[in-house]
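Structural overview for review
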Amino acid sequence: GLEPSFSDSTRLQLAVDYISAGLLDRAERLLDDILSENSPAKWDALRHLITIYQTEKEWEKAINCSAMLLANSAYKKEAELKAAAAHYCCEFAEQFLKEEQPKKARELIKRAFSFDKDNVRASLLLARIEQLVGNFKSATKCLIKVRKNNPEFISQILGPLAECYEQLQNMPEYEELLSNSLPDGPDVSVVLALSQLVKNRAGDEAAIEFLNDYLTKKPSLTGLVELLRLQIPKAGAKVGSNLSLLQLTVDKVLRKNPAYQCNHCGYESRNLYWLCPSCKKWDKIKPIMESGSF
Ligand SMILES: [Zn+2]
């Protein structure tokens, strides 16, 4: 380590310089030294260490440092710190899921909730774990919790929710759940899922009627594309090919639209990132809802 005669603030600054130069190992050693001395500088040292561990994807260390920092009453209410800690747990849980260790993954999700009890990603992961081990009822509960607490994420839960209800052989309950959310003007993904359910249960005509009825009240381009897709086979050859062209064109335009946006810096993307690639904040990227307007 450095001579103890260097002040804490000088050593912290040096660590920051190491980090910006990409010399993470050196920064880590220096910060570990500061941490072991148990001086007031240790809180700043912990913050920098968390940055390093996040960059190096050393999730266990990132979790431990976050827990130490959050044990200090001066920091324990910092929302961004808590959100980050929950995501480190989720990242670690995803590693265990890849290794097919659902038990360990579930423990980490519990830990994630201890940092941030409404974390959407943790709820989605828990649902995936429960689904994986065949607890379809519990998985359904997790997903419904997301729908209630984070309605903007509804498009993310429909796929797994449909799978769970299918396993439970209870599609009517799924249809009822979706129908009940229609008056709130939900994301168009709910309307499409419902149209699919109606189609499977009662055929194309019933689905067309449902979509027609809904879109008249709450027009949406994505909904219209689906309606065209159902109606084209029933149209005459000439009109049918024109409608096909219209459907393809609108679909192409829609596919270029971003599906997610960071509500901190405005970054837009087609994929969901929990950590914004632009402003590097957790949990700021949300699905862009399309509900009943062009
Ligand atoms: Zn951002």
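Residues numbered from 1 in each chain as written. Predicted model: local features only at pLDDT ≥ 70, side-chain atom pairs only at ≥ 80, totals over all residues. Heavy atoms only, no water.

Here we look at the overall build of the protein
Under the convention used in this document: The way it works is that DSSP assigns letters per residue, a run of H or I at least four long becomes a helix, a run of E at least two long becomes a strand, and they are numbered from the N terminus. As a reference, a globule follows 2.2 Å times the number of residues to the power 0.38, and the radius of gyration itself is taken over C-alpha atoms. Think of it in three bands: residues with accessible area under 20% of the maximum for their type are buried, residues over 50% are exposed, and the middle band is partly exposed, with areas taken using a 1.4 Å probe on protein chains only. Contact between two residues is taken to exist if any of their heavy atoms lie within 4.5 Å; hydrogens are not considered.
The helix and strand tally for the protein stands at 14 helices and three strands. The C-alpha radius of gyration of the protein comes to 25 Å, more than 25% above the 19 Å expected for a compact globule of 294 residues. The principal-axis extents of the C-alpha atoms in the protein amount to approximately 85 × 40 × 30 Å. Taking all 294 residues of the protein together, the buried fraction comes to 42%. A separation of at least 24 residues holds for 50% of the contacts in the protein among residues at least 6 apart in sequence.

Here's the deal with the sheet that holds strand 2 (residues 268-269)
Filter applied, for reference: For two strands to pair, DSSP has to find at least two bridges joining them.
One open sheet accounts for three strands, arranged 2-1-3; its pairing is antiparallel. At either margin of the open sheet sits one strand with a lone partner, and together these are strand 2 and strand 3 (285-287).

Comments concerning the coordination of the zinc ion
Here is the rule: The donor set covers N, O and S atoms within 2.8 Å of the metal, switching to 3.2 Å for Na, K and Ca, and it leaves out water, so a site may look short of donors.
Every protein donor of the zinc ion is accounted for by Cys262 (SG), Cys265 (SG), Cys276 (SG) and Cys279 (SG), and the metal-donor separations fall at 2.3 to 2.4 Å. Every donor residue of the zinc ion comes from the same chain, spaced as C-x2-C-x10-C-x2-C. Of this pair, Cys265 sits in the loop between strand 1 (260-262) and strand 2 while Cys276 sits in the loop between strand 2 and strand 3; the two residues are 11 residues apart in sequence, bridging distant segments of the chain. Judged by relative accessible area, which is 36%, Cys265 ranks as partly exposed. What makes Cys276 buried here is its relative accessible area of 0%.

Re the environment of Met68
By the element assignment, Met68 lies in helix 4 (residues 59-70). The exposure class of Met68 is partly exposed, given its relative accessible area of 38%.

With respect to the nonpolar core
Heads up, the rule is: Working definition of a nonpolar core: buried Ala, Val, Leu, Ile, Met, Phe, Trp, Tyr and Cys residues. They are joined through side-chain atoms within 4.5 Å.
If you look at the biggest cluster of nonpolar residues, it comprises 78 residues, and the most contacted ones within it are Tyr88, Ile109, Tyr174 and Leu178. A per-element tally of this core places helix 5 (residues 79-98) first, with 11 residues. Aside from chain neighbours lying at most four places away, what touches Leu178 is Leu158, Val190, Ala193, Leu194 and Leu197.

Concerning the domain arrangement of the protein
By a frequent convention, interface size equals the accessible area lost on bringing the separate parts together. Convention followed: Residue ranges assigned to the domains are those given by an automatic or database domain assignment. Each salt bridge in this description consists of a side-chain nitrogen of Lys or Arg and a carboxyl oxygen of Asp or Glu lying within 4 Å of one another. In protein, a polar contact means a hydrogen-donor-capable atom and an acceptor-capable atom, both N or O and within 3.5 Å, with residues adjacent in sequence counting only if both atoms are side-chain atoms; elsewhere, any N or O pair within 3.5 Å suffices.
The assigned domain composition of the protein is domain 1 (1-56), domain 2 (79-167), domain 3 (170-255) and domain 4 (257-293). The C-alpha-based centres of domain 2 and domain 4 are spaced at 19 Å. Across the contact, 16 residues belong to domain 2 and 10 residues belong to domain 4. Counting across the interface, domain 2 meets domain 4 through two salt bridges. For the salt bridge of Glu152 with Lys286, the shortest nitrogen-to-oxygen distance reads 3.9 Å. Along the contact surface separating domain 2 from domain 4 lie three residue pairs in polar contact (both at pLDDT 80 or more). Mapped onto the side of domain 2 that touches domain 4, the elements with two or more residues apiece are helix 5, helix 7 (120-132) and helix 9 (154-167).

Notes on the side chain of Gln131
Following the sequence through the fold, Gln131 ends up in helix 7. When its relative accessible area of 16% is taken as the criterion, Gln131 is described as buried. Dropping the residues within four chain positions of it, Gln131 is found in contact with Phe136, Ala139, Pro160, Glu163 and Cys164.

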